[in-house]
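Examining the three-dimensional arrangement
Chain by chain, the residues run as shown.
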Amino acid sequence: MYYAGVLYFAFADAPGWADMAATGNASLLWPVAWAHVTGMTAAALIVATLYLGGALAAAMAPDRRLCRGLAALGLLMFTALHYSAGKIGHGTHLWVLTSIVFVFLPAQGAATPPDRRGRQDYLNVFWTAHALVLLTYSMSGLGKVFGALWQATQGQVTAFHPQAMALHIADRMLETSSQNPVGLWLADHVWASWPLMLGTIYLQLFAFWAIFRPRLLRIWTVGLILFHLATYLTLTIRFAPPVLLLAMWGLASPFAPEKAGLRAILADLPLVAPGWRFFSKK
Amino acid sequence: MRPEKSICPPVHGNGYRPPTNAYRRRQGWLAAVLAAQLLGGLAVLAAPGQEVFPLYSWFLFALTPEPVRTRTELRLLELDGQAPRVPMPLESCRELVTPAQAPTVVRLARDLGRACAAQDESEVQRLRRTLEDNFVRRAARYELVELSYSPVERLHGGTEQVRKVREFKTGQP
């Protein structure tokens, strides 16, 4: 399923291959630094072949480490070449990182179905890839908290200020000369944008927590998908590839329980849980 | 049916089977991957551009814009010998930049502004080469300006203060 996703992206990115050949070579990222020698047209051809070939091979034989390695290498190089025009975007970073982790999935060998050891190894690597994805959201939340603390010491407006989201939206719209009615409305209605900003920080900061609390996995996944939808509607930032990862792994997680009661979920919520336990005992 | 080969030692009296050293070692490697992502992401904050692909801090929108904001912008003054009626922000010129490419041009304007402020001429020339190789591939004259404004007021038609930083011509130092 995962490698079907990589294959889909390889096909979806096909219209951009010609543009890659026309990219200047002044800001090449390190995985494609060799393009200085081959020239951009040859580099684009090599990278596109590796990307599509690797993705196809891994989709056909995901149990082969060599195929998974080729897919990871192709994805890494394609992303590097794509972002060698002066700014690194981050839409496909999570796919690049998780494809590298998946190279270390255990070899299936002749044992079909895999034995207990093989199953444990497989789940451990899968869990790590999922944890890596959630960790990046927590790092983003941590950045906002650190940023707010630093700005508070400077006497500046922080991420916790009621106007913070309005300022982000207005700044982004002006910077990119974009028009967006939802963003414009939220910039003018602080009472609506402030809770969204605080909720976003909470959701991001504790995303990594959810991997250790399986009852929260599906809720956090839905929250993060809605967050991506909101950033598109307000800031015109479309982070589609991570949404597919979140949906595949978070909603259909083998670690999440089939059902989880509201009380159990509240008892797992970060910051809320201690208060909930205290009052539920009384 | 062949019994499964267990990686765990025999079951203890209470039913608990402690993990083997090999299992602990594998888990240690996987924990190291997560630690590398976290620590590597924080370490690259010190690198130029604050990232080393594919490691990134993920500090997106970490700083809230000030109510009065200062930023740099690239403005097109002339394209193929023809001047627009008013200087046009380069990221808005659809003949040169697609909407998807606009954030990259905005980022290049920011980096160029920083390089000009630091009087780092080699970095200025590198950034100009990146800009001109990828976006401004025709004969053009453009300028780098510094803008000061209130984002929320500006969104509703408020004014901005403009200060010219430097002017460039494609293909010329």
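Residues numbered from 1 in each chain as written. Chains lettered and ligands numbered in written order. Predicted model: local features only at pLDDT ≥ 70, side-chain atom pairs only at ≥ 80, totals over all residues. Heavy atoms only, no water.

**What about the overall build of chain A?**
When helices and strands are counted, chain A shows 15 helices and 0 strands. Projected onto its principal axes, the C-alpha positions of chain A cover 65 × 55 × 35 Å. Expressed as a percentage of the 282 residues in chain A, the buried residues total 51%. The long-range fraction of contacts in chain A, counting pairs at least 24 apart against all pairs at least 6 apart in sequence, stands at 69%. (Helix = DSSP H or I, 4+ residues; strand = E, 2+ residues; numbered from the N terminus. Buried < 20%, exposed > 50% of the residue type's maximum accessible area, 1.4 Å probe, protein only. Contact = heavy atoms within 4.5 Å.)

**Comments concerning the sheet that holds strand E5 (residues 140–149) of chain B**
An order of E4-E3-E5-E6 (chain B) is seen for the 4 strands of this open sheet, with the pairing classed as antiparallel. Looking along the sheet, the strands with just one partner apiece sit at the ends: strand E4 (88–89) and strand E6 (161–169) of chain B. Across the sheet, helix H8 (residues 164–176) of chain A touches strand E3 (69–79) and E5 of chain B, and the angle it forms with E3(B) is around 15°. (Pairing = 2+ DSSP bridges. Axes fitted to C-alpha atoms, helices over the stretch in contact; angles between N-to-C directions.)

**Examining the nonpolar core**
Ranked by internal contacts, the top residues of the largest apolar core, which has 84 residues, are Tyr2(A), Phe102(A), Trp220(A) and Trp249(A). It is helix H7 (residues 116–153) of chain A that provides the largest number of residues to this core, a total of 12 residues. Contact partners of Trp220(A), with chain neighbours within four places excluded, come to Tyr202(A), Leu203(A), Phe206(A), Ala207(A), Ala210(A), Leu269(A) and Pro270(A). Residues Leu74(B), Leu76(B), Leu90(B) and Val105(B) belong to the second largest nonpolar core, which totals 22 residues. (Core = buried A, V, L, I, M, F, W, Y, C linked by side-chain atoms within 4.5 Å.)

**Re the confidence of the model for chain A**
Close inspection of predicted coordinates is inappropriate in any region flagged by low pLDDT. When the pLDDT values of chain A are averaged, the result is 88; 98% of them are 70 or greater. Across chain A, the element-wise mean pLDDT spans from 76 in helix H15 (residues 272–281) of chain A up to 95 in helix H6 (residues 93–102) of chain A. (pLDDT = per-residue confidence, 0-100.)

**So, the packing of aromatic side chains**
Applying the stated criterion across every chain, the model contains 19 aromatic pairs over all chains. A centroid spacing of 4.9 Å and a plane angle of 20° characterise the contact between Tyr2(A) and Trp95(A), whose relative ring orientation is stacked. Of this pair, Tyr2(A) sits in helix H1 (residues 2–12) while Trp95(A) sits in helix H6; the two residues are 93 residues apart in sequence, bridging distant segments of the chain. Exposure remark for Trp95(A): the relative accessible area of 1% places this residue in the buried category. Seen from their ring centres, Tyr142(B) and Phe168(B) are 5.5 Å apart, and the 35° between their planes marks the pair as tilted. One end of the pair, Tyr142(B), is in strand E5; the other, Phe168(B), is in strand E6, and 26 residues separate them in sequence. Its relative accessible area of 0% is what places Tyr142(B) among the buried residues. Owing to a relative accessible area of 4%, Phe168(B) belongs among the buried residues under this scheme. Three or more aromatic residues joined by ring pairs form one cluster here, namely Tyr2(A), Tyr3(A), Tyr8(A), Phe9(A), Trp95(A), Phe102(A), Phe126(A), Trp249(A) and Phe255(A). The lysine or arginine in question, Arg213(A), covers the ring of Trp209(A), its NZ or CZ lying 4.9 Å from the ring centre. (Phe/Tyr/Trp six-rings, centres within 6.5 Å; stacked < 30°, edge-to-face > 60°. Lys NZ or Arg CZ within 6 Å of the ring centre and 35° of its normal.)

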